[in-house]
Amino acid sequence: MIVIPSPARIAAPIATVLIVEDDPGIAELERVRLDDAGYRTVVAATADEALGALAATEIDLILLDYQLPDTTDGLDLYVRIKEAGYDVPVILVTGFSSEATLIRALRIGVRDFVTKSVEYLDYLPDAVGRVLGEIHTAQQLASIIASAQDAIIGTGLDRRITLFNPAAEQMFRCPGVRALGRLITDFIPDQFSPATDASEPVRFETQTLPTRGVRQDGDEFPLEVSVSFGSTGGQRYCTLIVRDVTERERMAAELRRTNELLAAVVEGTTDAVFVKDRDGRYLLANSATASFIGRPAGEILGHADADLIEAGSAGVMRDNDQFVMKADRAVTSEEPLVMGGQHRTFSVTKAPYRDASGAVIGVIGISRDVTERNRLATERDALLARLRLQIERMPLGYVLFDADARVIEWNPAAERIFGHARHQALGLSGFDLAPPAFRSEGETLLGRIRSGDMAAHSVNDNLTRDGRVITCEWHNTPLLDENGRFIGFLGLAQDVTARRSAEDALRLRDRAIQAVTQGILISDAEQRDDPVVFASPGFARMTGYAAEDILGRNCRLLQGPDTDPDAVARLRTAIRAGEPCTVELLNYKKDGTPFWNELSISPVRDAAGKLTHLVGVQTDVTRRRHLEEQFRQSQKMEALGRLAGSVAHDFNNLLTVINGYSTLLLKEVALENPLREYVEEIKHAGNRSADLTRQLLAFSRQQVLATRILDLSATVKGSEKLLRQLLGEAVQLRVVTGPNVWPIRADSGQMEQVLMNLAVNARDAMPTGGTLTVEIRNVELSTKHAAEHPGARPGPHVLLAVSDTGTGMTDELKERIFEPFFTTKEPGRGTGLGLSTVYGIVEQSAGHVTVTSSVGVGTRFDIYLPHVPEAVQREETKSVAPRPEGGPETVLVVEDEQSVRVFSRLILTKLGYTVLEASDGAGALKVATAHAGPIHLLLTDVVLPGINGRLVVERLRAVRSGFKVLFMSGYTGEALLQHGIRHESEQFLPKPFSPAVLAAKVRAALDQRACFAEL
């Protein structure tokens, strides 16, 4: 039992009462009475003492006498106390009472009244206790109101707010001082209806309903309001307990959303979601459950599986349900069931369904049809098994690397390629499989793979376990997890060492085919008309036909009007027989230019021996054919030269006798003798014959030339007047001389002869007039020019070019112009030796001549003579004129031609010489051996029966010394060289010779002086 003490008993032990009484006797009585009641008391007789006591002591209640000295009443003092800031309850003690005093007292806050009487001291402690109790209750209520979580609002009859606790301030965001006195409808608009009569009580809603509140800033929010009514001292009031339900409504809305979401998930999932009670009856079944069972959800609820599906399947499900309830835990398993006549497999997770106390009252479960998934998983496992088998048997190295490029998988092919067994390879770095030089390139490649580059493939060197370097082709695939993070890569490796070598060989072969100058064509022998399927760049360069021009066509497009049909027939026969064949035939380039083509056809057969292709190698031999033609022409000219030289040699022996004796006769026959004219005609015919032999010797390059260093431009300039007279007025002569023309070594007279012969030919080619141009300039001949012109040498030369604007020549005529006795002139107008003489002089001067001519345009002769170095020029010496006189010396004449020998002996004997004779070398040795005296000079023919003149000299010096040698011959040039004689360095007498020349040469030989001029 709880006993609630009275207010007096609660307040008495702790309260201090200030007694303000100007009557000491009464004050003492009151003090004693209150002390007896358990209060502490303080007595003050005046207003100032009372204020002093309040300042010095904590006073709980003032017992104030109304009548105080100095015309001050107790109510005035109470006003001063409140003005001083003291809020202390007051009981007014008065000896009388009036209504006005009471009203005044209540207005200023007096709590109670005590009238002085005989018995007032008896109830004074109760009055003090009652007031203190009310104050204590009010303080407790104020504390409750101040600390309440809900807003507490009080209003009067006029709806204005009289109480607004801190919770209300926070809720409505309005300070209490601003809320007091305002209408409650400013904060809760919907809860009050206007009063129709001031005497009627304020009407509130009869039930507690949610409503809306308005904060100070105008925001609305949900409220729950409880209303109570009361009255005090006849004043009616209303108290509102207001609760902000914003969070509760938010949570309620969240709960609704959660329930809706859960319902949507349950209904939206393709998995069956269900709840059963302990007897297996369905309490919940979503649409997927209804679909699995094949009935509407309304027909499922309240029924067990045995009522809905095949009995065997229902039994399986019931057994699993009971196991879960008994085990009191969640269980996942697969249930093979028959649904709608079909065997299906379901993956089911079931858990105990509990009530609020935790007791198991059923089963909650989720079921998924995994029939298709299981089928796919079975297929996947089979596929993985096959893939594993393929990886094990594949010829490519299967190497799986982790993110750090270390091996984590390795198939047998990788073992064969690199030599590492699987257990040895696992953990190796990719860089362990490559030479150190690959490190930098490998880092770059690995960076590309890590970045996800699917094209990061490579062909690089690798190392085997035994240290061999091989070449592998790698196809790398980066591997990423579901977040796109790099976790490794797969490398498929193939040893391409042999293939790369073969490819290098093929590339080399292809580069060779691309580079060769020959044209290569490949045609398909299995197709009609053998179309070309490949044409090399060399073919395009040779013929001008690009690959696209020839591909798909037959190579007969190269043939033309002058192509030899016999050569074509041989080609076709070989192609039909599938045999190799080589022919030379005239073909035509794309621009129509003819060229000589050496075509070699080779058959290509497959492994079975069947002809599949034909390879044609084509070589442009036009230049070779041209050179061969030039060589044949040169050989012909050489043969003609040898014939001419042989004829001239024999003729020179005859002319030596004819001209020699003619000269002697003319010396013996007087001028008036009629026979002198006959002898002169014989001499004139002999001289003409000598000129003819000189031309033959010039053509055959066997003429003796008096060569010296000369300026060809000066020679031309000296001949210019004679050339103009020779050409006549109808032909204009134009001489062009280049600067600083180099010197050459030549016979000046022979060079003039060359100019005259060419000028005469040019004049005859311009019967109606024209221009003859003679050009002299320096040129540098290239190696190519030398290769294209037999006998030419590269280096510095002087060019003598003679060109006319005459009728020109055909190619047939050009091939024969240098032949001796060949002429196009009418009989009696030429000997046919003019151009052959030019040819011989130029060749004998170490030069060469070329001809270009066009019919109707003109002809040009280019003569190239080698430049003489400056050092050779300084060594040249001037010829010394011979002294034509005889002497007493002994001369041995060796000559096989008797007439020449006799003529020579006759002349030398007349000059005072002692002459010994021999007809051959053997005879000369006998004569020299038999002669007792000295022999001063050996005059010998070069070509003798038995041994030649050079051997005669050598053998004679073996038995006799101290003699000089003078060679004579009708041969010159190369014929002499063949017998070991160089007329430039030997004393030499060419045939035919006159008595004066013989005398001069013999004297010069005896005196060891060089003389090569004819006298």
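Structure first, text after, so check above.
The model shown is predicted, which means the values in this text are computed figures rather than measured ones.

Analysis parameters
Residues numbered from 1 in each chain as written. Predicted model: local features only at pLDDT ≥ 70, side-chain atom pairs only at ≥ 80, totals over all residues. Heavy atoms only, no water. Pairing = 2+ DSSP bridges. Helix = DSSP H or I, 4+ residues; strand = E, 2+ residues; numbered from the N terminus. Axes fitted to C-alpha atoms, helices over the stretch in contact; angles between N-to-C directions. Patch = residues over 30% accessible without salt bridge, like charges linked within 9 Å, V, L, I, M, F, W, Y side chains within 5 Å. Areas by Shrake-Rupley, 256 points an atom, 1.4 Å probe, with all protein chains shown as cover. Salt bridge = Lys/Arg side-chain N within 4 Å of Asp/Glu carboxyl O. Buried < 20%, exposed > 50% of the residue type's maximum accessible area, 1.4 Å probe, protein only. Right-handed = clockwise from strand over helix to strand, strands pointing away. Phe/Tyr/Trp six-rings, centres within 6.5 Å; stacked < 30°, edge-to-face > 60°. Core = buried A, V, L, I, M, F, W, Y, C linked by side-chain atoms within 4.5 Å. Contact = heavy atoms within 4.5 Å. Parallel < 35°, antiparallel > 145°, perpendicular 65-115°, else oblique. Left-handed = near helix turned anticlockwise from the far one by under 90°. Nonpolar A, V, L, I, M, F, W, Y, C, P; charged D, E, K, R; others polar.

Chemist: I would appreciate a short explanation of the sheet that holds strand β17 (residues 360-369) in the present structure.
Modeler: The strands making up a sheet associate through hydrogen bonds between their backbones, and the pairing can be parallel or antiparallel. The sheet built from 5 strands is open, its strands ordered β14-β13-β17-β16-β15 with antiparallel pairing. A single partner strand is all that each edge strand has here, and the edge strands are β14 (282-285) and β15 (331-339). Averaged over all adjacent pairs, the angle separating strand axes in this sheet is 25°, with direction ignored. In terms of strand pairing, strand β16 (residues 342-354) meets β17 through 9 bridges, oriented antiparallel.

Chemist: Would you explain a nonpolar patch on the surface in this entry?
Modeler: Residues Leu283, Leu284, Tyr353, Ile361 and Ile364 make up a contiguous nonpolar surface patch of roughly 380 Å² in combined accessible area. Contributions of two or more residues to the nonpolar patch are made by β14 and β17. Examined against the element boundaries, isoleucine 364 turns out to sit in strand β17. For isoleucine 364, a relative accessible area of 37% puts it in the partly exposed group.

Chemist: Just checking my understanding: could you explain the pairing of strand β2 (residues 40-44) for this structure?
Modeler: As a general feature of sheets, a regular strand has side chains that alternate between the two faces. Relative to β2, strand β1 (residues 16-20) runs parallel, the two being bridged by 5 bridges. Looking across to β2, one finds that leucine 18 is bridged to valine 42. In terms of handedness, the path from β1 via helix α2 (residues 24-36) over to β2 forms a crossover that is right-handed.

Chemist: Explanation requested: the pattern of salt bridges in the structure shown.
Modeler: Two side chains bearing opposite charge may form a pair once their charged atoms approach each other closely. For the structure on display, the rule yields 58 salt bridges. The salt bridge involving aspartate 76 is made with arginine 104; its shortest N-O contact spans 2.5 Å. Taken together, the residues span a long stretch of sequence, with aspartate 76 in helix α4 (residues 74-83) and arginine 104 in helix α5 (residues 99-108) at a distance of 28 residues. With a relative accessible area of 33%, aspartate 76 lands in the partly exposed category. In this structure, a network of salt bridges that share partners links the residues Lys276, Asp305, Asp321, Glu335 and Lys350.

Chemist: I tried to follow the packing of aromatic side chains on my own but got confused; where do I start?
Modeler: Working definition: an aromatic ring pair is given by the centre-to-centre distance plus the angle between the planes. A full pass over the atoms with the stated rule returns 11 aromatic pairs. Ring centres 6.5 Å apart and planes at 50° place the aromatic pair phenylalanine 401 and tryptophan 474 in the tilted group. Placement of phenylalanine 401 in strand β18 (residues 397-402) and of tryptophan 474 in strand β21 (residues 469-480) is noted, with a sequence separation of 73 residues between them. According to the relative accessible area criterion, phenylalanine 401 is buried, its value standing at 4%. Site record: aromatic cluster; members linked through ring pairs are Phe401, Trp410, Phe418, Trp474 and Phe489.

Chemist: For this particular structure, what's the right way to read the environment of glycine 298?
Modeler: Mapped onto the elements of the fold, glycine 298 is located in helix α11 (residues 297-300). Along the sequence, glycine 298 and alanine 285 sit 13 residues apart, while their C-alpha atoms lie 8.8 Å from each other.

Chemist: Whenever I open this one, the nonpolar core confuses me. Can you help?
Modeler: Within soluble globular proteins, side chains that are nonpolar tend to cluster in buried spots. Leu712, Leu772, Leu800 and Ile863 are the most contacted members of the largest nonpolar core, which has 37 residues in total. When residues of this core are assigned to their parent elements, the largest contribution, 7 residues, is made by helix α24 (residues 748-765). Discounting chain neighbours no more than four positions away, the residues touching leucine 772 are Leu727, Val731, Gln732, Leu733, Arg734, Ala759, Ala762, Met766, Val802, Ser803 and Asp804.

Chemist: Which parts of the structure should I look at to understand unusual backbone geometry?
Modeler: Negative phi characterises most residues that are not glycine, and trans characterises most peptide bonds. Geometrically, the link from lysine 991 to proline 992 is a cis peptide bond, its omega value of -5° lying close to zero. Note on placement: proline 992 falls in the loop between β39 (988-990) and α33 (995-1007). Phi angles above zero are rare outside glycine, and arginine 159 is one such case at about 70°. One non-glycine residue, asparagine 740, lies in the positive phi region at around 50°. Within the secondary structure, asparagine 740 is located in the loop between β29 (731-737) and β30 (744-746).

Chemist: It is not clear to me how the packing of helix α30 (residues 921-930) against helix α31 (residues 949-959) should be interpreted in this structure. Could you clarify?
Modeler: Interhelical geometry of α30 versus α31 gives an angle of 25° and a closest axis separation of 10 Å. Classified by the angle their axes make, α30 and α31 are roughly parallel. As α30 packs across α31, the resulting crossing turns out to be right-handed. Across from Gly921, Ala924, Leu925 and Ala928 in α30, the residues of α31 making contact are Val952, Arg955 and Leu956. For the contact of α30 with α31, the residue count by class is 5 nonpolar, 1 polar and 1 charged.

Chemist: When you look at the sheet that holds strand β6 (residues 90-94) in this model, what are you seeing that I'm missing?
Modeler: One open sheet holds the 5 strands; their spatial order is β2-β1-β3-β6-β7, and the pairing between them is parallel. Either end of the sheet is taken by a strand with one partner, and the two such strands are β2 and β7 (112-115). Taking the axes of each pair of neighbouring strands and ignoring which way they run, one obtains an average angle of 20° across the sheet. The sheet contacts of α2 involve β1, β2, β3 (61-65) and β6, and relative to β2 the element is tilted by about 170°.

Chemist: Help me out: how do you make sense of the environment of lysine 964 in this one?
Modeler: With respect to the helices and strands, the residue lysine 964 is situated in strand β38 (residues 964-969). A relative accessible area of 27% places lysine 964 in the partly exposed class. Spatially, the C-alpha atoms of lysine 964 and histidine 936 are 6.0 Å apart, while their sequence positions differ by 28 residues. With sequence-adjacent residues up to four places away left out, lysine 964 is seen in contact with His936, Leu937, Leu938, Ala1005, Leu1006 and Gln1008.

These values are about where atoms sit, not about what they do.
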